[in-house]
Protein chains: 4
Amino acid sequence: MEDLLEIGGKKIACRLFLGTGKYAGNAQMREALLAAQADVVTVALRRVESGAMAESILDYIPPSCTVMINTSGARNAAEAVRIARLARASGAGDWIKIEVIADSRYLLPDNLETLKATETLVKEGFITFPYMSPDLSMARRMADCGAAAVMPLGSPIGTNRGVRTRELVEILIREISVPIIVDAGLGKPSDACQCMEMGCAAVMVNTAVAVAPDPVEFARAFSLAVKAGRLAYRTGMPGSAAEARASSPLTGFLRDHD
Amino acid sequence: MEDLLEIGGKKIACRLFLGTGKYAGNAQMREALLAAQADVVTVALRRVESGAMAESILDYIPPSCTVMINTSGARNAAEAVRIARLARASGAGDWIKIEVIADSRYLLPDNLETLKATETLVKEGFITFPYMSPDLSMARRMADCGAAAVMPLGSPIGTNRGVRTRELVEILIREISVPIIVDAGLGKPSDACQCMEMGCAAVMVNTAVAVAPDPVEFARAFSLAVKAGRLAYRTGMPGSAAEARASSPLTGFLRDHD
Amino acid sequence: MEDLLEIGGKKIACRLFLGTGKYAGNAQMREALLAAQADVVTVALRRVESGAMAESILDYIPPSCTVMINTSGARNAAEAVRIARLARASGAGDWIKIEVIADSRYLLPDNLETLKATETLVKEGFITFPYMSPDLSMARRMADCGAAAVMPLGSPIGTNRGVRTRELVEILIREISVPIIVDAGLGKPSDACQCMEMGCAAVMVNTAVAVAPDPVEFARAFSLAVKAGRLAYRTGMPGSAAEARASSPLTGFLRDHD
Amino acid sequence: MEDLLEIGGKKIACRLFLGTGKYAGNAQMREALLAAQADVVTVALRRVESGAMAESILDYIPPSCTVMINTSGARNAAEAVRIARLARASGAGDWIKIEVIADSRYLLPDNLETLKATETLVKEGFITFPYMSPDLSMARRMADCGAAAVMPLGSPIGTNRGVRTRELVEILIREISVPIIVDAGLGKPSDACQCMEMGCAAVMVNTAVAVAPDPVEFARAFSLAVKAGRLAYRTGMPGSAAEARASSPLTGFLRDHD
């Protein structure tokens, strides 16, 4: 009956994963997480370690949430691995979103370095979520070496352009054995809904919510849309047709009254 | 705080209007209406008048719903007007979805006959909802003569092809003073969500729900998606960008740990 | 063998119709028409009648071209009819693109007034080309009353947004007996190519060519693209598939060399 | 004036590269190559080496064409390298399309093995054209190690689905220093035209032409479309707009005649 995503030893009810960057403040972020009933949130390690005096962002994350540290800022596998180890050492847990970016304009992930980091971190017992440019051969390697899920981008980070990589993401969904979680580029609730209808296990959203005029209500909207798309996928989608099919009895009506 | 659609003297909370055709049975239809918390449902007059002995479809519509009789089967304005009058005479109320179809392959509405029927029925005190092929000049005439809303099609009836007329529907939303309700062709919750994000006042769905593997859950999914899209529209959508914008602090991270 | 469009008693080789507005000058316009080998060009009547002293735009149109006067500026049927009659009286011929626009923001045609003007002008012996918002019921009336062709818009005039009305235009192509000529909104040669592949009889382009950095070469590009699309349509398009099909022998190759 | 693609020491006029698989016969293939005025054609090595008695496909390729041997059938870098060496040894030249496919359903390339083969073959003096799943980080490595061009797929081989990877291909065009040649999935001339307008240096087509009802005319259509798109790109595309802009003088016309 219940529809839980089992991943990394946890059972997750909310398939909308949220980021924590770009909010106007920690209190607003917290409200957005609560409005969405988020179960998984990503945090950049740097933001965790803001020093003894500063308040930690972690204090604002509801205790029911699982924190996934992202390796934002890493430019290669070695840096990503180092960030992951620092995260674990600082008590931030072992869920790691592996983000290795060498491109400064589109912030696209480096699939090869990401794969290397995944291989290393899986061996060290991390629960890994590699963020990647959608490509079947690399996604398969990530899954084969033990990634908990694969996170292809919908479009470049922060662009709100939607699932422009749909053709490739749909292939990942059919061919890869671990959950597919679209991350990056989703700008509207309908984008997230569409991903779930396609069969994604979850989606990750940050910018669209954090920079919306009303982040709390926008988080709620995304959460509803994810539920809608998931429900439609689970219960089965009807097909589409090239020509019309009447939904009401069309002909002969008036004859009966003549 | 509350977000009600005021139309024809009523205040409507649920912006997902549902049809009643094509369900496996009346009990299933009723469950779907309840799952969606539908406030407005369309019924073809023929199905209302199934004779004294037969059970009426109306008995299965929750009392909280407003019934909108559709003129399905009408091939011209005169036939549509006659159906509307019969509906009123039979006690089915004066909310009329004006559907005039002369095309048997795509079931596309005849805008000119639809306009004529609208003019006549408005004068007779009906609350009219003309179903139309999206066209600014005809939609404006319908609004000017007193239509309660204008219902452009997303794609041909029953095709589940989505909002293929988006370019024209968006123009109606900006230029027409009465509510725009996309009717026909919406096949997935994300289609409905997208319509609401664009600024539609409501959407109407029949085939996609009624023929889904699980109509009740699919109705629920559509209802959630409509809420999501409406909430996003109301609170304001963020824009999109051509290039990436980091959602986490990207640079300098590792330097701090060197 | 030859593929000529027969319309209004003429046989037309070039299925790219060009407008004459917005060029930097008449000489440039003439060069563009020649580069495209255009056979049909539209001219606003006002621009024909620039007074005795002024040079006429008509002097710059190659003699092989058929001039189609457009009723640009008309806000209703009566004005369009008047312009058409003035055009004939001034010797500009009887090919009339009927353009009736009541909307100042999107410049969308008024289908009902356009139909009325078509009815009148057909009776007066004009060869009429009504410009319309794509709608099957109105297009059918225009064809039935004698329009030489029907010209649905691809997107609003001058926007270069392409064939956003594709769903409706494809229906016109299948259901309407006279040639369908997409007019307005085509911004790139590939847009025009796509229209021809769909089965349009011709396309009309003005803004995209006239405001291009190099109108002459852009006209040539559009002309090639129209030829390409037409040729593909005539000889038959292959279908598409959901899964891959090898184009080269894939397996067993290396075994042969082992 | 002339617009030649310089690649591998050659100057290429025709930016439509054609494959040689799937034709009904060699004579038809030859006619298609001539109709397109193709300068570059790919051949699977296996088809070159059909034995002493059999006629060779190479006899049917016009002498003006440069032959690019593809490594179709290779499942890893080692196999691709071996095919390339065999090709050179058999006198088929040193232009190699590196195709390494490990996926039997979508025939998607294995980017990592393709990169390895590219590195090896470049060192051995081959002119390499790696076929890849579009991904910036891997394309950059291929270019950096000396690939003559990078060939991202538009959609899976033989599907005729068009440029579904547009978002990623456009990024390659802007960020990668070697020519980008879209290969696979282009089904219509307008697809090829669109690629060229985006700024691709060339496109490669096989299935759509070879299985068309009339391959010779379809090759001609593709060739025209590629020329059109290239010309538009070179001379500069106009932008697009959200609202309409009149192409003819709209107002005041009739006042002049009142």
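What you see is a predicted model; the values in this text were computed from it and never measured.

Engineer: I'm lost on the side chain of D:S155 in this one. Help?
Structural biologist: Assignment of secondary structure puts D:S155 in the loop between β8 (151-152) and α6 (166-175). Under the relative-accessibility criterion, D:S155 is labelled buried at 0%. Discounting residues that sit within four places of it in the chain, D:S155 has contacts with A:E167, D:R161, D:G162, D:R164, D:A184 and D:G185.

Engineer: Mind showing me how you'd approach the relation of the copies chain A and chain B here?
Structural biologist: For the match of chain A to chain B, the screw axis carries a shift of 0.0 Å, the RMSD comes to 0.0 Å, and the turn is 180°. With respect to symmetry, the two chain copies, as superposed, fit the operation of a two-fold axis. When the interface residues of chain A are mapped onto chain B, 100% of them are again interface residues, pointing to one common binding face.

Engineer: Would you mind showing me how to read helix α5 (residues 136-144) of chain C here?
Structural biologist: In an α-helix, one turn spans 3.6 residues, which is why side chains three or four residues apart end up on the same side. Taken together, the buried positions of α5(C) are C:L136, C:S137, C:M138, C:A139, C:M142 and C:A143. For α5(C), the elements touching its buried residues are α4 (111-123) of chain B together with α4 (111-123), β7 (127-132) and α6 (166-175) of chain C. Positioned one or two residues after α5(C), C:G146 has a phi angle of 115°, which is positive.

Engineer: Would you mind showing me how to read the interface of chain C and chain D here?
Structural biologist: For an interface, size is often stated in terms of accessible area lost upon the parts coming together. Contacts between the two partners involve 71 residues from chain C, matched on the other side by 71 residues from chain D. One can count zero salt bridges joining chain C with chain D. Seen at the junction of chain C and chain D, the total is two residue pairs in polar contact (both at pLDDT 80 or more). Of all elements in the fold, only α2 (45-48), α3 (77-89), α7 (189-198), α8 (207-210) and α9 (215-235) of chain C reach the threshold of two or more residues within the side of chain C that touches chain D. In terms of residues, the side of chain C that touches chain D owes the most to one element, α9(C), which gives 11 residues. Across the side of chain C that touches chain D, the residue classes break down as 31 nonpolar, 21 polar and 19 charged.

Engineer: When you look at the nonpolar core in this model, what are you seeing that I'm missing?
Structural biologist: Soluble globular proteins tend to pack their nonpolar side chains together in the buried interior. Counting residues in each nonpolar core, the largest one holds 332 residues, and the members touching the most others are A:V203, B:V203, C:V203 and D:V203. The contact partners of D:V203, leaving out residues within four places of it in the chain, are D:R15, D:L16, D:F17, D:I181, D:V182, D:L186, D:A192, D:C195, D:M196 and D:V226.

Engineer: What's the story with the sheet that holds strand β10 (residues 202-205) of chain A in this structure? I'm lost.
Structural biologist: The strands that make up a sheet are held in pairs by hydrogen bonds between backbone atoms, and each pair lies either parallel or antiparallel. All names here are of chain A. Spatially, β8-β7-β6-β5-β4-β3-β10-β9 is the arrangement adopted by the eight strands of the open sheet, whose pairing is parallel. The open sheet has two edge strands with one neighbour each: β8 (151-152) and β9 (181-183). Where strand β3 (residues 16-19) lies against β10, three bridges are found, and the strand directions are parallel. Residue pairing across strands places L16 opposite V203, the latter belonging to β10.

Engineer: Help me understand unusual backbone geometry in this model?
Structural biologist: Most peptide bonds take the trans configuration, and most residues that are not glycine carry a negative phi. Although it is not a glycine, B:Q37 sits at a positive phi angle of roughly 55°. By the element assignment, B:Q37 lies in the loop between α1 (26-36) and β4 (40-44). Judged by its relative accessible area of 55%, B:Q37 is exposed. For C:N160, which is not a glycine, the phi torsion comes out positive at approximately 55°. Along the chain, C:N160 turns up in the loop between β8 (151-152) and α6.

Engineer: I'm lost on the sheet that holds β8(C) in this one. Help?
Structural biologist: Residues and elements named next belong to chain C. Pairing is parallel in the open sheet, where eight strands are placed in the order β8-β7-β6-β5-β4-β3-β10-β9. Each edge of the open sheet carries a strand with a single partner, namely β8 and β9 (181-183). Packed onto the sheet, α4 meets β6 (95-98) and β7 and runs at close to 180° relative to β7.

Engineer: What exactly am I supposed to notice about the relation of the copies chain C and chain D here?
Structural biologist: Turning one copy of the chain about an axis and sliding it along that axis gives the other copy, so a rotation and a shift relate them. For the pair chain C and chain D, the superposition axis carries a translation of 0.0 Å, the fit reaches an RMSD of 0.0 Å, and the rotation angle comes to 180°. Taken as a fraction of all interface residues of chain C, those also at the interface in chain D reach 100%, which identifies the copy contact as same-surface.

Engineer: How should I be thinking about the interface of chain A and chain B in this particular structure?
Structural biologist: The interface of chain A with chain B comprises 73 residues on the first partner and 73 residues on the second. Linking chain A with chain B are zero salt bridges, by the criterion used here. Put simply, chain A and chain B have two residue pairs in polar contact (both at pLDDT 80 or more) between them. Where the side of chain A that touches chain B is concerned, the elements lending two or more residues are α2 (45-48), α3 (77-89), α7 (189-198), α8 (207-210) and α9 (215-235) of chain A. Classifying every residue of the side of chain A that touches chain B gives 32 nonpolar, 21 polar and 20 charged.

Procedures and definitions
- Residues numbered from 1 in each chain as written.
- Chains lettered and ligands numbered in written order.
- Predicted model: local features only at pLDDT ≥ 70, side-chain atom pairs only at ≥ 80, totals over all residues.
- Heavy atoms only, no water.
- Helix = DSSP H or I, 4+ residues; strand = E, 2+ residues; numbered from the N terminus.
- Buried < 20%, exposed > 50% of the residue type's maximum accessible area, 1.4 Å probe, protein only.
- Contact = heavy atoms within 4.5 Å.
- Least-squares fit on C-alpha atoms with pLDDT ≥ 70 in both.
- Salt bridge = Lys/Arg side-chain N within 4 Å of Asp/Glu carboxyl O.
- Polar contact = N/O pair within 3.5 Å; in protein donor to acceptor, adjacent residues only side chain to side chain.
- Nonpolar A, V, L, I, M, F, W, Y, C, P; charged D, E, K, R; others polar.
- Core = buried A, V, L, I, M, F, W, Y, C linked by side-chain atoms within 4.5 Å.
- Pairing = 2+ DSSP bridges.
- Axes fitted to C-alpha atoms, helices over the stretch in contact; angles between N-to-C directions.

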